Amino acid sequence: MAANYWASSQRLHWQFTREKLAEIRDKLDDGDKDAVNLYPLPERRHLSIYFNIQIVRLGRRMQVRQQALATAQLYLRRFYTKVPIRDTNPYLVLATCVYLACKMEECPQHIRVVAGEARAFWPEFITGEIGKLAECEFWIISEMNSYLIVHHPYRTLQDLGPQLQLTPEETSQSWNVINDSYLTDLPMLYPPHIIALTAIFLSVVLKTSLHATTSSAAAAAIAVATSGSGGNLPSGAGHQSRTVMLIEWYAESGIDMDSIIECTQEIISLYEIWDNFADKVCKDQLGRMIKQRGLS
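Because the structure is predicted, anything quoted here is derived from the model rather than measured. (Residues numbered from 1 in each chain as written. Predicted model: local features only at pLDDT ≥ 70, side-chain atom pairs only at ≥ 80, totals over all residues. Heavy atoms only, no water.)

Draft legend 1. Representation of helix α6 (residues 90-104) in the model. When the terminal C-alpha atoms of α6 are compared, their 21 Å separation across 15 residues agrees well with the 21 Å that a helix rising 1.5 Å per residue should span. Most of α6 is tucked away, with 13 of its 15 residues classed as buried. The backbone nitrogen of Y91 has a side-chain oxygen 3.0 Å away, supplied by the residue at the start of α6, namely N89. Trailing α6 by a residue or two, E106 shows a phi angle of about 60 degrees, which is positive. (Helix = DSSP H or I, 4+ residues; strand = E, 2+ residues; numbered from the N terminus. Expected span 1.5 Å × (residues − 1). Buried < 20%, exposed > 50% of the residue type's maximum accessible area, 1.4 Å probe, protein only. Polar contact = N/O pair within 3.5 Å; in protein donor to acceptor, adjacent residues only side chain to side chain.)

Draft legend 2. Quick look at the layout of surface pockets. The space that makes up the largest pocket amounts to roughly 560 Å³. Lining the largest pocket we find 23 residues, and of these Q67, V150, H151, H152 and R155 sit closest to its centre. A total of four residues in the lining of the largest pocket trace back to one element, the largest contributor, which is helix α9 (residues 154-163). Classifying every residue of the lining of the largest pocket gives 13 nonpolar, seven polar and three charged. The volume enclosed by the second largest pocket comes to roughly 480 Å³. Around the second largest pocket, the lining comprises 27 residues; the ones closest to its centre are R44, L47, F51, Y80 and I85. At six residues, helix α4 (residues 44-61) tops the list of elements feeding residues into the lining of the second largest pocket. (1 Å grid on protein atoms, 1.4 Å probe; cavity = no way out; pocket = protein on both sides within 12 Å on 5 of 7 lines; lining within 4 Å. Points joined across faces, edges and corners; volume = space filled by probe spheres on them. Nonpolar A, V, L, I, M, F, W, Y, C, P; charged D, E, K, R; others polar.)

Draft legend 3. Broad picture of the nonpolar core. Core analysis: the largest hydrophobic core is formed by 94 residues, its most contacted members being W122 and I200. Ranked by the residues each element gives to this core, the list is headed by α6, at eleven residues. (Core = buried A, V, L, I, M, F, W, Y, C linked by side-chain atoms within 4.5 Å.)

Draft legend 4. A look at the packing of helix α7 (residues 111-121) against helix α8 (residues 130-143). Packing of α7 against α8 leaves a shortest axis separation of 9 Å and a crossing angle of 105 degrees. Overall, the two elements α7 and α8 adopt an arrangement that is roughly perpendicular. Contacts from I111, R112, V114 and A115 in α7 reach I130, L133 and A134 in α8. Among the residues forming the contact of α7 with α8, the class breakdown is six nonpolar, no polar and one charged. (Axes fitted to C-alpha atoms, helices over the stretch in contact; angles between N-to-C directions. Parallel < 35°, antiparallel > 145°, perpendicular 65-115°, else oblique. Contact = heavy atoms within 4.5 Å.)

Draft legend 5. Broad picture of the packing of aromatic side chains. The tally for this structure, following the rule as stated, stands at 13 aromatic pairs. Between F79 and W139 the ring centres are 5.1 Å apart and the planes differ by 90 degrees, which places this aromatic pair in the edge-to-face class. Taken as a pair, F79 in helix α5 (residues 66-79) and W139 in helix α8 lie far apart in primary sequence, 60 residues in all. We classify W139 as partly exposed; its relative accessible area is 33%. With centroids separated by 4.6 Å and ring planes inclined at 5 degrees, the aromatic side chains of Y91 and F125 adopt a geometry described as stacked. Residue Y91 is located in helix α6, and its partner F125 is located in the loop between α7 and α8; the two are separated by 34 residues in the primary sequence. A relative accessible area of 5% places F125 in the buried class. (Phe/Tyr/Trp six-rings, centres within 6.5 Å; stacked < 30°, edge-to-face > 60°.)

Draft legend 6. Quick peek at the pattern of salt bridges. Counted by the stated rule, this structure contains ten salt bridges. The salt bridge partner of R18 is E266, with a shortest N-O separation of 3.4 Å. Highlighted residues: R18 in helix α2 (residues 18-30) and E266 in helix α14 (residues 257-274), separated in sequence by 248 residues. Among the salt bridges present, the one from E124 reaches K283, with a minimum N-O distance of 3.9 Å. Here the residue E124 occupies a position in the loop between α7 and α8, and K283 occupies one in helix α15 (residues 279-292), the gap between them amounting to 159 residues. Counted as one network, the salt bridges with shared partners bring together R25, R77 and D185. (Salt bridge = Lys/Arg side-chain N within 4 Å of Asp/Glu carboxyl O.)

Draft legend 7. How the structure looks around the side chain of Q10. The residue Q10 is located in helix α1 (residues 9-13) in this model. Setting aside residues no more than four positions away along its own chain, Q10 makes contact with Y5, Q15, R78, I149, V150, H151, P187 and P192.

Draft legend 8. Looking closely at unusual backbone geometry. A positive phi angle, close to 60 degrees, is found at Q63, a residue other than glycine. Secondary-structure assignment places Q63 in the loop between α4 and α5. For S146, which is not glycine, the phi torsion reads 65 degrees and is therefore positive. Tracing the backbone through its elements, the reader meets S146 in the loop between α8 and α9. On the basis of relative accessible area, S146 is assigned to the exposed category, the value being 51%.

Draft legend 9. Fine view of the state of the cysteines. A complete count under the given rule lists zero disulfides for this structure. The structure places no disulfide on C107, whose sulfur is separated from the nearest cysteine sulfur, that of C102, by 4.3 Å. Look at C107 and you get buried, because its relative accessible area is 17%. Free cysteine C136: the closest other cysteine sulfur is in C97, separated by 7.0 Å. (Disulfide = S-S within 2.5 Å.)

In structure tokens form, the structure reads like this:
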């Protein structure tokens, strides 16, 4: 296992620029334009939200730790940079990602348990045959070239929490933001510490519920980051002082604030998109694709 992120397979093989990631996905779609046209699917970010909900449902039923669920979400995202989603049964793939992630995060689940729980949740799409799940596991491992170690932002949050004097509420909020980052491309674009520092920034600067945050509030937060003053935020003096201290710490630590700002915008954009998310639309379109292509 690579203890150092900078020498890890995650950085060397699974970190992309936005342009490269878009190019990879466009190439997959261009490879089978007929399928793309015949089987329309929801917008990618809506699919990410839907898949996250399904993974969390399955994981909670088996009492899987959050880090393993985050690993499963990243496996799913990596896999679909290699394989067109329309060539797969996404329910089988996400169940297999959970199974594989539990192994890698040292909280293994028996294959019969995962297959059984998956069938209970999605009986119209999953047969419960353990052979199919085992075959899918080998497929996923192969497509990822056996690069399965994942470095998460949670460790950075745990290390910096005491140093930055985060309150329990801020720590919890930051943890939730990190969880939500796995619904975006951020784990494939930025190092884990940048995502953790973004989560801390959002949780300290934006004290209200992040899911209720608007673009204007995000713009205010970004203005704070670039100006180094707390005057743009409608909060008390104590909060402004905490904000200024945090920004000063970031500046003194040489943190790439451009990356923090980009990650902040991505997270806020996710929450705005979430408002228009329709679970039924995703389920119906995926179900139609699976049945018409005989993938169940």
